[in-house]
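Reading the structure
Read off the chains here:
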Amino acid sequence: MTIIEANGISKSFKSGQKIINVLEKVDLSIKQGEMIAIMGVSGSGKSTLLHILGLLNEPDEGNLIFLGKNIDFSNEKMLAKLRNQHIGFVFQFYSLIGELTVEENIALPAMIAGVKPDKEKLEHLMYLVGLSIDKKHRFPSMLSGGELQRVALARALINNPDLVIADEPTANLDKASSIDIVNNMKQINFQTGQTFIIATHSKEVAQRCKRTLYLSGGKLGEET
Ligand SMILES: Nc1ncnc2c1ncn2[C@@H]1O[C@H](COP(=O)(O)OP(=O)(O)OP(=O)(O)O)[C@@H](O)[C@H]1O
Ligand SMILES: [Mg+2]
């Protein structure tokens, strides 16, 4: 099954008088269960592409089919629902809420969906992402970068999303923690069949994905 398909996606931004064409008629088809790395130099448009694939930003041109549905980017209510129920996000700077504990941060997307996750579910997720259970009442300020990113990954998974989008999830971590986290993602991908799309500059991360795509000059290409 194809989980997400992009056809002729273009996106440009104005920079002063200049227009930068970041994505130029990008086509992409991702099957359920894939784990894909997206690489490319800084500024090549990886985040721009992930924001479009994650229904966070509208392309100028082209269409997107997610879970068999053609996405109407003007329907904000539908977009929010699809994001909350079907997509998990992991960002470079974790984006956790400082005033909430580990377990409260993880539970947040479920609370937004109107469901209070049970203890077993929270503990199982913490186990899956490699976070020791005794950290669940800690606040983010009392965790290491690697632990913070594990909390963010567990939060991304709480609503059992079909797709996890991670934008440079290991950019602030050392090599050992980066490999550790991508191995956790790989294990989750293998066990649950959830699809992962990971933008990264790290060869170690890309090597552990099943497929690597490169963004360059507004175009997306397969590994050669
Ligand atoms: N909202 C915006 N407004 C104006 N320009 C933008 C916007 N978002 C991105 N850009 C520009 O689009 C280009 C691509 O940016 P993008 O963040 O997608 O690159 P990237 O590949 O993710 O880079 P990095 O590896 O540094 O994260 C850059 O030139 C950037 O300045
Ligand atoms: Mg980026």
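Our subject is the structure listed above.
Below or above, wherever it landed, is the structure these notes cover. Only a predicted model underlies this, so the values are computations on that prediction, with no experimental measurement involved.

All right, on to the overall build of the chain then. Helices and strands together make up the secondary structure of the chain, namely 7 helices and 10 strands. Taken over the C-alpha trace, the chain has a radius of gyration of 17 Å; the compact-globule value for 224 residues is 17 Å, and the two agree within 12%. Its C-alpha atoms give the chain principal-axis dimensions of about 50 × 40 × 40 Å. Sorting the 224 residues of the chain into buried and exposed places 50% on the buried side. When contacts within the chain are restricted to residue pairs at least 6 apart in sequence, those whose partners lie at least 24 apart make up 71%. Surface summary for the chain: the accessible area is close to 11,100 Å², and the carbon and sulfur share equals 52%. Measuring between centres, the 25 positive side-chain charges of the chain sit 1 Å from its 25 negative side-chain charges.

Along helix α2 (residues 76-86), the positions that sit buried rather than exposed are L79, L82, R83 and N84. Tucked into the core, α2 has its buried residues touching β4 (61-66), β5 (69-70), β6 (87-91) and α3 (102-112).

Before going further, it helps to examine the site of ligand 1. Contacts to ligand 1 come from F13, V22, V41, S42, G43, S44, G45, K46, S47, T48, E168 and H201. At 2.7 Å from an oxygen atom of ligand 1 is found a side-chain nitrogen or oxygen belonging to K46. At 3.0 Å, a side-chain N or O of E168 approaches an oxygen atom of ligand 1. Within the complex, the protein chains bury 60% of what would otherwise be the 640 Å² of accessible surface of ligand 1. Looking at the shell around ligand 1, the element that brings in the most residues is helix α1 (residues 46-53), giving 3 residues. In terms of residue class, the shell around ligand 1 is made up of 3 nonpolar, 7 polar and 2 charged.

About the cut-offs
- Residues numbered from 1 in each chain as written.
- Chains lettered and ligands numbered in written order.
- Predicted model: local features only at pLDDT ≥ 70, side-chain atom pairs only at ≥ 80, totals over all residues.
- Heavy atoms only, no water.
- Helix = DSSP H or I, 4+ residues; strand = E, 2+ residues; numbered from the N terminus.
- Rg over C-alpha atoms; globule rule 2.2 N^0.38 Å.
- Buried < 20%, exposed > 50% of the residue type's maximum accessible area, 1.4 Å probe, protein only.
- Contact = heavy atoms within 4.5 Å.
- Areas by Shrake-Rupley, 256 points an atom, 1.4 Å probe, with all protein chains shown as cover.
- Lys, Arg positive; Asp, Glu negative; His and termini not counted.
- Charge placed at Lys NZ, Arg CZ, Asp CG, Glu CD.
- Near = heavy atom within 4 Å.
- Polar contact = N/O pair within 3.5 Å; in protein donor to acceptor, adjacent residues only side chain to side chain.
- Nonpolar A, V, L, I, M, F, W, Y, C, P; charged D, E, K, R; others polar.

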